[in-house]
Amino acid sequence: ELKVEQNPLFLSMQEGKNYTIYCNYSTTSDRLYWYRQDPGKSLESLFVLLSNGAVKQEGRLMASLDTKARLSTLHITAAVHDLSATYFCAVDMGSNDMRFGAGTRLTVKP
Amino acid sequence: DGGITQSPKYLFRKEGQNVTLSCEQNLNHDAMYWYRQDPGQGLRLIYYSQIVNDFQKGDIAEGYSVSREKKESFPLTVTSAQKNPTAFYLCASSIGSGGWSYNEQFFGPGTRLTVL
């Protein structure tokens, strides 16, 4: 059975600091997605990673994928309050089968 | 504007009632999905449909039913057999698996269902 594990599940950090969220998965896949969810809201697509070694950056967020290690990272650089949200990784198993991690709830404090 | 709409935004159900959640998309996507999210949890797949008149059970289909009579619409019925239906329900769509190399899903705004 596929497992998708994110850590940490809760992250409190100060503005200006850097941190990394990890997403580990237990079976072969070369497609992984990152989403953002604000409280009470829907999911917003952040990054689509489609191959080993893929790296995408948008503002203070950078995502990477290592399919051999079955690991994706979401790196936050110089955090700001607006980044406070819950971040989900999702592993594409093919045949419209997508498995989500439990989410990392990020709080950025002034 | 292309997108996914869900209605209602909030829904209250009495025990023993069936309720239907609406999901419509105008993205011309073939595939549509229903997920359930409990507080502080990730998403769990209820049902998905790759094409009109066809749908498949996800991990937690018991107590739910769906139909896919039109490409644009994928309504979810929460039946009285679902013992703990209070949750946030999200509908999503994607282009579809027919030869596409990836399956990015786009989400609607969600319906929050509460059982009274």
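Everything that follows concerns the structure shown earlier in this document.
All values derive from a computational prediction rather than experimental measurement.

Rules behind the numbers
Residues numbered from 1 in each chain as written. Chains lettered and ligands numbered in written order. Predicted model: local features only at pLDDT ≥ 70, side-chain atom pairs only at ≥ 80, totals over all residues. Heavy atoms only, no water. Helix = DSSP H or I, 4+ residues; strand = E, 2+ residues; numbered from the N terminus. Buried < 20%, exposed > 50% of the residue type's maximum accessible area, 1.4 Å probe, protein only. Polar contact = N/O pair within 3.5 Å; in protein donor to acceptor, adjacent residues only side chain to side chain. 1 Å grid on protein atoms, 1.4 Å probe; cavity = no way out; pocket = protein on both sides within 12 Å on 5 of 7 lines; lining within 4 Å. Points joined across faces, edges and corners; volume = space filled by probe spheres on them. Nonpolar A, V, L, I, M, F, W, Y, C, P; charged D, E, K, R; others polar. Contact = heavy atoms within 4.5 Å. Buried area = accessible area lost by both parts, 1.4 Å probe. Salt bridge = Lys/Arg side-chain N within 4 Å of Asp/Glu carboxyl O. Core = buried A, V, L, I, M, F, W, Y, C linked by side-chain atoms within 4.5 Å. Pairing = 2+ DSSP bridges.

A. Fine view of the environment of Tyr33 of chain A. Residue and element names in this part refer to chain A. Considering the arrangement of structural elements, one finds Tyr33 in strand S4 (residues 32-37). Taking the relative accessible area as the measure of exposure, Tyr33 reaches 0% and is therefore buried. For the pair Tyr33 and Lys109, spaced 76 residues apart in the sequence, the C-alpha separation amounts to 26 Å. Here the side chain of Tyr33 touches Asp92 through a polar contact of 2.8 Å, side chain to side chain.

B. Representation of the layout of surface pockets in the model. By volume, the largest pocket amounts to about 480 Å³. Taken together, 26 residues make up the lining of the largest pocket; nearest its centre are Gln37, Thr86 and Arg105 of chain A together with Gln37 and Gly40 of chain B. Residue assignment for the lining of the largest pocket shows that the elements contributing at least two residues are strand S9 (85-92) and strand S11 (104-109) of chain A together with strand S9 (87-94) of chain B. A per-element tally of the lining of the largest pocket places S11 of chain A first, with 4 residues. Looking at side-chain class alone, the lining of the largest pocket contains 10 nonpolar, 11 polar and 5 charged residues.

C. Fine view of the interface of chain B and chain A. Across the contact, 25 residues belong to chain B and 21 residues belong to chain A. At the boundary of chain B with chain A, total buried surface from both sides reaches about 1,700 Å², with 51% on carbon and sulfur atoms. Taken together, the connections running from chain B to chain A amount to 1 salt bridge. Measuring nitrogen to oxygen at the nearest pair gives 3.3 Å for the salt bridge that ties Arg99 of chain A to Asp59 of chain B. One can count 5 residue pairs in polar contact (both at pLDDT 80 or more) joining chain B with chain A. Counting only elements with at least two residues in the side of chain B that touches chain A, the list comes to strand S4 (31-37), strand S5 (43-51) and S9 of chain B. In terms of residue count, S4 of chain B provides more of the side of chain B that touches chain A than any other element does, 4 residues in total. Its residues assigned to classes, the side of chain B that touches chain A comprises 10 nonpolar, 12 polar and 3 charged.

D. Region of interest: the nonpolar core. Of all hydrophobic cores here, the largest spans 25 residues; its most connected members are Leu32, Trp34, Leu74, Ile76, Tyr87 and Leu106 of chain A. If one sorts the elements of this core by residue count, S9 of chain A sits on top with 4 residues. Look past the residues within four positions of Leu74 of chain A in its chain and what remains in contact with it is Tyr19, Thr20, Ile21, Trp34, Phe47, Leu61, Met62, Ala63 and Tyr87 of chain A. Core analysis: the second largest hydrophobic core is formed by 20 residues, Trp34, Tyr47, Val66 and Ala87 of chain B among them.

E. Up close: the pairing of S9 of chain A. All names here are of chain A. Within S9, 8 of the 8 residues are buried, which leaves the element mostly enclosed by the surrounding structure. Taken together, the 6 bridges between S4 and S9 define a ladder with antiparallel strand orientation. Bridging from a neighbouring strand, Trp34 pairs with Cys89 of S9. Across 3 bridges, S9 lies against S11 in antiparallel orientation. If you follow Ala85 over to S11, its bridge partner there is Leu106. As paired elements, S9 and strand S10 (residues 98-100) share 3 bridges and run antiparallel to each other. Residue pairing for S10: Asp92 is matched across the bridge by Met98.

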